[in-house]
Protein chains: 2
Amino acid sequence: MKLSKMILGTLREVQGETELESYKLMVRAGIIRKVASGVYNFMPTGKKIINNVNSLIKNEMEKMDSQEIEVSQFVPFESLNQCNNKENNSTDTFEIVDKSQKKFYVGAGFKESYIEIMKNEIKSYKQLPVSIYSIQKRIKDETKPKFGIIKSKEFNELQCYVFYDDSVEAEQYVNRLCEVFNGIYHKCGIDFIKTNSLKFFIKHSLGEEGMACCEACEYKEDLEIAKCALREKEEDDMKPLNKISTPDTRTIDELASFFNTTPEYFVKTIIYKINNKIVAVMVRGDREVNETKVKSSMGYIVSFELADEDMVRYATSAEVGFAGPINLKCDTLLVDEEITRMRNFMVGANDTGYHYEYVNYERDFTGIVGDFKKITEKDKCPVCGNSIKIKSVMRLGEIANLETTYAENMNAVFLDKLGKNKPMSIIEASINVDRLLALIVEQNHDENGIVWPKSVAPYEVIVIAAVFKNEEQMKAAENIYNKLRSIGIDVLLDDRDERAGVKFKDADLIGVPIRITVGKKISDGKVEFKLRNNDNVEDINISDIEEKVLSELHKN
Amino acid sequence: MKLSKMILGTLREVQGETELESYKLMVRAGIIRKVASGVYNFMPTGKKIINNVNSLIKNEMEKMDSQEIEVSQFVPFESLNQCNNKENNSTDTFEIVDKSQKKFYVGAGFKESYIEIMKNEIKSYKQLPVSIYSIQKRIKDETKPKFGIIKSKEFNELQCYVFYDDSVEAEQYVNRLCEVFNGIYHKCGIDFIKTNSLKFFIKHSLGEEGMACCEACEYKEDLEIAKCALREKEEDDMKPLNKISTPDTRTIDELASFFNTTPEYFVKTIIYKINNKIVAVMVRGDREVNETKVKSSMGYIVSFELADEDMVRYATSAEVGFAGPINLKCDTLLVDEEITRMRNFMVGANDTGYHYEYVNYERDFTGIVGDFKKITEKDKCPVCGNSIKIKSVMRLGEIANLETTYAENMNAVFLDKLGKNKPMSIIEASINVDRLLALIVEQNHDENGIVWPKSVAPYEVIVIAAVFKNEEQMKAAENIYNKLRSIGIDVLLDDRDERAGVKFKDADLIGVPIRITVGKKISDGKVEFKLRNNDNVEDINISDIEEKVLSELHKN
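Because the structure is a prediction, the values reported are computed rather than measured.

1. As for the overall build of chain A
Broken down by element type, chain A carries 13 helices and 31 strands. Within chain A, buried positions represent 54% of all 556 residues. Sequence separation of at least 24 residues holds for 69% of the intrachain contacts in chain A that already meet a minimum separation of 6. Accessible surface, chain A as shown: approximately 24200 Å² in total, 45% of it carbon and sulfur. In chain A, 78 positive and 91 negative side-chain charges are present, and the distance between their average locations comes to 3 Å.

2. A short note on the domain arrangement of chain A
Per the domain assignment, the segments making up chain A are domain 1 (3-223 + 391-441), domain 2 (242-370) and domain 3 (459-553). Once you take the C-alpha centre of each, domain 2 of chain A and domain 3 of chain A turn out to be 69 Å apart.

3. A look at the packing of helix α2 (residues 44-63) of chain A against helix α10 (residues 433-443) of chain A
Packed helices, taken two at a time, are described by the angle between their axes plus the distance between the axes. Residue and element names in this part refer to chain A. The contact between α2 and α10 brings their axes to 10 Å, and the two run at 110°. The orientation of α2 relative to α10 falls into the category roughly perpendicular. In this structure, α2 uses Ile49, Ile50, Val53, Asn54 and Ile57 to contact α10, whose residues at the interface are Val433, Asp434, Leu436, Leu437 and Ile440. The residue inventory of the contact of α2 with α10, partitioned by class, reads 8 nonpolar, 1 polar and 1 charged.

4. Regarding a negative patch on the surface
All names here are of chain A. Taken together, the side chains of Glu232, Glu234, Glu235, Asp236 and Asp237 present a region of like negative charge at the surface. Inspection of the secondary structure puts glutamate 235 in the loop between β12 (220-222) and β13 (242-245). On the basis of relative accessibility, which here comes to 60%, the residue glutamate 235 falls in the exposed class.

5. Brief notes about the pattern of salt bridges
All names here are of chain A. Evaluation of the coordinates by the stated rule reveals 103 salt bridges over all chains. Here lysine 374 and glutamate 288 are joined by a salt bridge, their closest N and O atoms 3.9 Å apart. Taken together, the positions of lysine 374 in the loop between β20 (368-370) and β21 (388-403) and glutamate 288 in the loop between β15 (277-284) and α7 (291-297) put the pair 86 residues apart, joining distant regions of the chain. The exposure class of lysine 374 is partly exposed, given its relative accessible area of 36%. For the salt bridge of glutamate 309 with arginine 313, the shortest nitrogen-to-oxygen distance reads 2.9 Å. Within this pair, glutamate 309 and its partner arginine 313 are both found in helix α8 (residues 309-316), separated by 4 residues, close to a single helical turn. We classify glutamate 309 as partly exposed; its relative accessible area is 48%. The class for arginine 313 is partly exposed, based on a relative accessible area of 30%. What you see here is one network of salt bridges that share partners, running through Lys227, Lys293, Asp336, Glu337, Asp371 and Lys373.

Conventions and cut-offs
Residues numbered from 1 in each chain as written. Chains lettered and ligands numbered in written order. Predicted model: local features only at pLDDT ≥ 70, side-chain atom pairs only at ≥ 80, totals over all residues. Heavy atoms only, no water. Helix = DSSP H or I, 4+ residues; strand = E, 2+ residues; numbered from the N terminus. Buried < 20%, exposed > 50% of the residue type's maximum accessible area, 1.4 Å probe, protein only. Contact = heavy atoms within 4.5 Å. Areas by Shrake-Rupley, 256 points an atom, 1.4 Å probe, with all protein chains shown as cover. Lys, Arg positive; Asp, Glu negative; His and termini not counted. Charge placed at Lys NZ, Arg CZ, Asp CG, Glu CD. Domains from an automatic or database assignment. Axes fitted to C-alpha atoms, helices over the stretch in contact; angles between N-to-C directions. Parallel < 35°, antiparallel > 145°, perpendicular 65-115°, else oblique. Nonpolar A, V, L, I, M, F, W, Y, C, P; charged D, E, K, R; others polar. Patch = residues over 30% accessible without salt bridge, like charges linked within 9 Å, V, L, I, M, F, W, Y side chains within 5 Å. Salt bridge = Lys/Arg side-chain N within 4 Å of Asp/Glu carboxyl O.

What follows is the structure in structure tokens.
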């Protein structure tokens, strides 16, 4: 393409919302334009990059014989509601009522759509395993759009599903998907971290998610589900339960200073209203409740919130600040496993101004024991017991084995070898393509602009005539442009009436991998050859251009 | 791809909604699956066809240097409302309110999005002309979804815009777009008709739109805007206006039989409520009002409906059935041009049980004169005066020169050569890609299934082993499959354990252009070669397959 005919739209600076380098660079390079908060248009250069990333992904998907489909953006209300999963109830989903008063979820990206399709097509074990995927635009009522296309209201997303029969294949397919993800990220020039639960992240100081990483072994996990090693069980003798007056001490910190000790000696009881029931969660005094863990232990979530003061008063028969497990009116009591290993701890007494000391699990109360805590850098690795670092990260994608849960809810069954109905096992994998694009820029830029990896770059080569008014240079530049086009190279010709400096700046900003400059030395049959990711400028003969370009593009 | 690994989903028959051949065939061939009324999924074969049509369109667009962009599906309320056009107020648009209470139109496809983009990028005449396009999924609150993907709630659509400076270029660009459309339809095997106003149709007995075609000259027009030759002006002397009693005659037919004449001697007055105003439209008694023509004469339409009985009574001071132009209380009176050429006609008297006879335009009433009638086969060609046939048609696409109307409303201006602000002129072109796909099938099928044109076909070649259990045949089939794949042919191997008859039926149903059957003659090194659009079966040597396939695929 000739730049004079293009909508290039490069800018020297960006106004507003500039916290993130990728956002600034993508706006400056004319890749995206903001429409509203979390809503962006992709300009011609951006669309080319999106197309490149999509076709790179498609290539990888085809290698594993996954078949592309196009899923409707409309999901009838009843088909999502048959499947009791948490996401259905996500407040991030837009709902629409059409003229015939039919209610739809809208915006694509629902597991149920894919499962519904296969439910109707798959009859027999002979058809399994099979995989489908789609790369489609989703819309989402994102609460806090942020960082440009990293967290936006609409985005292209790869969703891939593998339907299989038994658990031997599962691992095979999960591994195959990991290879595919590896291949995609590698070609995109992304330096990623894969957690043990198959979430893919990049490290980023502004990341809004956390990852726990062991400093000694391979343990890496999403902070939302990361575990830690448990301390040894305390073996002190149990002392007799004792109710003591603790006037005006409601918080753990107040208690700790009242008793002149640290929060670790207390256990706090947090009351939630989940699905309209009272659910109390107990964690050690210095801990915080991990709500993700609580949710996943509670099954189907219709609603989830902290209990209001009235509910706390009802449950505890006391003012707020004195909740504890003994004589608590609740439907479910969740007890973090750590507490069962503690001895003689302190809890609220469900009586205004009182706490119990010398409390012990099993003797004084019981509940559902599990892991309900957020872990911190004070914790130790659950695998090897060494120190854990918590890194802030941004999410690239994930692979999850849903096993038969969804198929069971949706009655997605097939006839197995014995002629019996069996629910399909399902693996899901997804990548937010728009975010991927932004994260490529996060990891591939310098002070002059973007440094696109070759497989993603919007153009492979840019040809620049140093002096617009020099006919010899312009003509040579155009010849080189035509020659490269004729051998299938995606080449840009900067034929604008601009100074060479402006053209170099734009070429660097957009991040074209190869720059060919036609300058004074053209009279000796020579041009300048420069790679975007290298400062060397090389003089080469015009006759060598094709070979040089092809060899650079085919290098790994 | 091997069929044993594919989700093929061919069916012998289709239940329900089977009025249209393309719908039946696309469901039977496993191309689409219905989710709800007007909502469909594209299965793997369907998605391949969509991809092929899209890339065929992209190729044509690139030939005219149009640049692809990706437009947000969200359009902020305020940006559509700044531009007073009728479509904004279309009840076919879904509206969404996000969590931050911001209101959006949703579903892409709004002219305003494209104009807004260029308004921000184009500063100077030097950047013009320029063209952008997108092929994106739109959603639409279609009142009556019908005929499968021909009229559905969501569809892929090509939208192309050309922004230009002056009117010399306009014709050039319109012609260029016509060539592009020509190229697309031709490659899709579509036999289309282009109207004078650049709407593209195919003839179809079930088509819900009409096209007026002159039987002698080249006049072809969308019935919604088609004109007709006017009869000669009647030159009779005007008789004195006379009010006569016409008890119980409210309709034109009742009047005609009351006076023992034909409806042509009457003029009817139909009352509408448009933008909350009373608008009366007069057409000859045997005519019907063309509401499209009325709408386009009324400018910005917020609401449009027939007046209710109360409004009619108020406007006419009479019961329903006696409306006429004399002493009518209305805000606007639209008079079809034909009426100004009539003499001594009859109208309602705005008095229950009375009509006026010997009414004449200008002497007895005046209004806004224009073309407000539906034309019929009784009319004559507006160009040559010969007979007109009205054909039922389905719409393929359209090109429209919007000129500066939208740019003026949206203040989308550029600096012209004199340094003055000038609104951009805009040409719009669009094709509903999903409908195009269905119409290809309408025009390219036989009793056995679909006959895809080569450039659209989901696969180029299908290789079938006649006897699944015959190892020699299966091995040879697989070899041919691998060989063809290795030279870049998109080939299917039917390796299912099915009878040859079933495989042939499926191959015909899906419509693969070339079928290669490995049968008994494989022992002599021969296979059967058959084209989908030809009954001939040819025995060819294995060694000739590649050459034969390539030569067939490259034939025009």
